Amino acid sequence: MSDRPVQSHTVHGGISDSAALLELSGVLNSSQSLDFILGNVLLTAMGKLLITKGVVLVAETDGGRYRARALKGLADTHFAAMYHIEGDWHGLRRVDDLRSAADAAREDAGSADDTCALLDACATAGLTALAPMILNGTMVGLVGVGPSLHARPFGQPETEFLESLAAIAATAVNNAVTIERLRGANRRLDTKVQEMNTLFELSREMNASFDDQAILRTLGYALMGQLRATRHLVFAWDGATMQPVLVRVPGFTPRVELFGAITDITDPVLLHEDDADAEDFRAWAFSQGLRVLIPMRSQNETRGLLCLGERFGVSDYGAQDVEYLLALANITITALENARLVREMVEKQQLEHEISLARSIQKGLLPAVLPTPPGYEIAAANESSLQVGGDYYDAIALSNHEFILAIGDVSGKGIPASLLMANVQAALRAIAPLRLPLAEATERLNAIVFTNTDSDKFITFFWGLLDTEAHTFTYVNAGHNPPWLVSADGRTRPLSEGGLILGILDEVPPYDIETVPLEPGDTIVTYTDGVNEALSVDLVEYGNDRLESQLITLRDECPATIIDHIRRDILTHTIGAKQSDDITMLVVKRLPGA
């Protein structure tokens, strides 16, 4: 269809234009093009009334606001604004009459409204009359026309024609506007669908990699390719501070002292010229050519920031762009967090594997089989509070009747303690065959520990020489929990002679030694502080008194049974509480009748 008026007779006198208007109605309602409809409305009015200029204003979706959608004989600047009109008009209105009423209202109110602005625009453009397009009692638009070439005011026929023309056009205009809005909604929906598909693809690609740099490269391609950002900058939290992790800003000049403020940004920020004068992060960002800041949020915390510069060949960032960027920022920070968690999981698994190996190695350092001195019985047990620990025991046969028995407790827990324990074990195995006096051998152990450890590391240590022919036990206690010597008749005594713990001083005072006889049925019970200091849920220690009482009760039992009963009694005491320290025991007993 062409933009030409429907042919009919010129309006004058009493000539009827029903046929022409009927034809026009069919033409207008057969089209879905708002421009075609409005153009034909104006051309028909101009051709029938012999006028040279006109405008059609159409209502916006929010109601009460009208915008010029078609102009004939006028410049676009005549009606460049959006106009607000209170209420609905009915019937043809002369611009002069409307302006007079508006001027009176303006004087009463002391200010002008948008209706006055519309009337002023009509007067400036030389329009003389406005005809409302009414549909179901609602004004969907206005038809404004200038004077006829005859320079005569519109009479009754002209007025009726314009009102009829506006009434006929109302339905077609409303339908075309509805279709136009539906198409706009469909375009927006298509854009949303495309954005969602893009975000889905980006999310899939980002989450397929656990490499931060690969994730950030994908983000950079999206910012440059889809959003056409001329520059971009991405910050991410490294656990202590915000650091720039992706920089595409020519002449980038960081201001590290300002980066701490990034965590306070919780909503999108559009930067403007006003930000340039401030002394803060926003001013710095604006100076770098950045125009929008998008926080990257995770668990209600800002864990990063997406900063973008102007867009190549595109207008400023709109609400839809910001919404898309928020989704993109969320996908990115989620992928980065997932990558971090996966790395931590892998590192944890690797550490657990290494600790498991360390535990196996440590268990291998403890004697797999204890010696069996004639007339004596030995048993031992070790239970770490962690996978590896710092407790140590050993039993070494020097001859068929001489045996070294040792127990130690390294300060601390875990891998560092286990490494120091291994060092002590190696030193003991090297020194024991030398058959040095126990006091001198203990001094050598102290020197080795002092030389190979930091000042905050030390070892409580107890060891002795069991002579199964002489039935004696010669020992040195280097700051360890005194073992109990329990006689067959129930008497007890602690074995406490010795000196300082190992590793505190380079040169220590000479260690004291003691030799105790062992009668048939006598038992020596050595243990680490994980036994007597075991805590209940109420933080009450197991205690030396309870241990001593149990050992008296168990004096007739074999070493393995003694250890088992003590361990179960500790479990009863600590029920519901976590094991707080390593538990190690070494028990030797002279058999009755031996």
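Treat the numbers as computed from the prediction; the structure is a model and nothing was measured.

The final tally for this structure, using the stated rule, is 19 salt bridges. Linking Arg204 and Glu201 is a salt bridge whose minimum nitrogen-to-oxygen distance equals 2.6 Å. With Arg204 and Glu201 both in helix H5 (residues 156–207), this residue pair falls three residues apart, about one helical turn. Of the charged contacts in the structure, one is a salt bridge between Arg493 and Glu514, with a shortest N-O distance of 2.6 Å.

Time to look at helix H2 (residues 34–49). Helical geometry: 3.6 residues make up each α-helical turn, so side chains three or four residues apart lie on a common side. Here H2 is 16 residues long and its end C-alpha atoms lie 22 Å apart, about the 22 Å a rise of 1.5 Å per residue gives. Most of H2 sits inside the fold, with 14 of its 16 residues counted as buried. Positioned one or two residues after H2, Leu50 has a phi angle of 55 degrees, which is positive.

Put simply, helix H1 (residues 18–29) and H2 touch, their axes get as near as 9 Å, and they point 160 degrees apart. Between H1 and H2, the crossing angle belongs to the class labelled roughly antiparallel. Helix-helix and strand crossings are classified by hand; for H1 and H2 the assignment is right-handed. Contacts from Leu24, Val27 and Leu28 of H1 reach H2 at Phe36, Ile37, Asn40, Val41 and Thr44.

Turning our eyes to something else, we now look at the sheet that holds strand S9 (residues 269–270). Strand order in the open sheet formed by five strands is S8-S7-S11-S10-S9, and the pairing between neighbours is antiparallel. The open sheet has two free edges, formed respectively by strand S8 (242–248) and S9, since each of these has just one partner strand. Two strands pair when backbone bridges link them, and strand S10 (residues 290–298) and strand S11 (residues 301–309) are joined in this way by eight bridges, in the antiparallel orientation. Looking at the pairing, Met296 lines up with Gly304 of S11.

Time to look at the nonpolar core. Membership of the largest hydrophobic core comes to 46 residues, with the highest contact counts inside it found for Ile459, Phe461, Trp463, Phe473, Leu495 and Leu502. Counting only elements with at least two residues in this core, the list comes to strand S12 (376–383), strand S13 (391–397), strand S14 (402–410), helix H9 (414–431), helix H10 (438–452), strand S15 (459–467), strand S16 (472–478) and strand S22 (583–590). The element best represented in this core is H9, accounting for seven residues. When residues no more than four places from it in sequence are discounted, the contact partners of Phe473 are Leu405, Phe462, Gly464, Leu465, Leu466, Leu495, Glu514, Thr515, Val516, Leu518 and Ile524. Ranked by size, the runner-up nonpolar core spans 36 residues in total, among them Leu38, Val41, Ile51 and Ala129.

Let us look at the pairing of strand S1 (residues 54–59). Of all the six residues making up S1, six are buried; the element is thus mostly covered by neighbouring parts of the structure. A two-sided burial pattern is seen for S1, the buried positions comprising Gly54, Val56 and Val58 on one face and Val55, Leu57 and Ala59 on the other. Relative to strand S2 (residues 65–72), S1 runs antiparallel, the two sharing six bridges. Bridge pairing in S2 places Gly54 opposite Lys72. Sheet topology note: the S1/strand S6 (residues 138–145) ladder contains five bridges and is antiparallel. Residue pairing in the sheet places Val58 in a bridge with Gly141 of S6.

All right, on to the packing of aromatic side chains then. For any pair of aromatic rings, the description consists of the separation of the ring centres together with the inter-plane angle of the planes. A complete count under the given rule lists twelve aromatic pairs for this structure. A centroid spacing of 6.4 Å and a plane angle of 65 degrees characterise the contact between Phe235 and Trp284, whose relative ring orientation is edge-to-face. Of this pair, Phe235 sits in strand S7 (residues 232–237) while Trp284 sits in helix H7 (residues 281–287), and the two are 49 residues apart along the sequence. Ring centres of Phe281 and Trp284 lie 5.5 Å apart, and the angle between their planes is 40 degrees; on these two criteria the pair is classed as tilted. Of this pair, Phe281 and Trp284 both sit in helix H7, three residues apart, roughly one helical turn. A single burial state applies to Phe281 and to Trp284, both of which are buried. Joined through ring pairs, the aromatic side chains of Phe235, Phe252, Phe259, Phe281 and Trp284 make up one cluster.

Moving on, we come to the sheet that holds S12. Sheet architecture is open: five strands sit in the order S12-S22-S21-S17-S18, paired in antiparallel fashion. Unpaired on one side and paired on the other, S12 and strand S18 (492–494) mark the two borders of the sheet. Averaged over all adjacent pairs, the angle separating strand axes in this sheet is 15 degrees, with direction ignored. In terms of strand pairing, strand S21 (residues 523–527) meets S22 through five bridges, oriented antiparallel. Looking at S22, one finds that Tyr527 is bridged to Met585. Packed on one face of the sheet, helix H12 (residues 544–553) meets strand S17 (484–486), S18 and S21 and runs near 25 degrees to S17.

The buried fraction of S6 amounts to seven of the eight residues, a majority that puts the element mostly inside the structure. As defined by bridge partners, strand S5 (residues 129–135) adjoins S6 across seven bridges and the pair is classed as antiparallel. Counted as the bridge partner of Met133 is Gly141 from S6. Hairpin connection of S5 to S6: two residues between the antiparallel strands, including Asn136 at a positive phi of 55 degrees.

Rules of the game
Residues numbered from 1 in each chain as written. Predicted model: local features only at pLDDT ≥ 70, side-chain atom pairs only at ≥ 80, totals over all residues. Heavy atoms only, no water. Salt bridge = Lys/Arg side-chain N within 4 Å of Asp/Glu carboxyl O. Helix = DSSP H or I, 4+ residues; strand = E, 2+ residues; numbered from the N terminus. Expected span 1.5 Å × (residues − 1). Buried < 20%, exposed > 50% of the residue type's maximum accessible area, 1.4 Å probe, protein only. Axes fitted to C-alpha atoms, helices over the stretch in contact; angles between N-to-C directions. Parallel < 35°, antiparallel > 145°, perpendicular 65-115°, else oblique. Left-handed = near helix turned anticlockwise from the far one by under 90°. Contact = heavy atoms within 4.5 Å. Pairing = 2+ DSSP bridges. Core = buried A, V, L, I, M, F, W, Y, C linked by side-chain atoms within 4.5 Å. Phe/Tyr/Trp six-rings, centres within 6.5 Å; stacked < 30°, edge-to-face > 60°.

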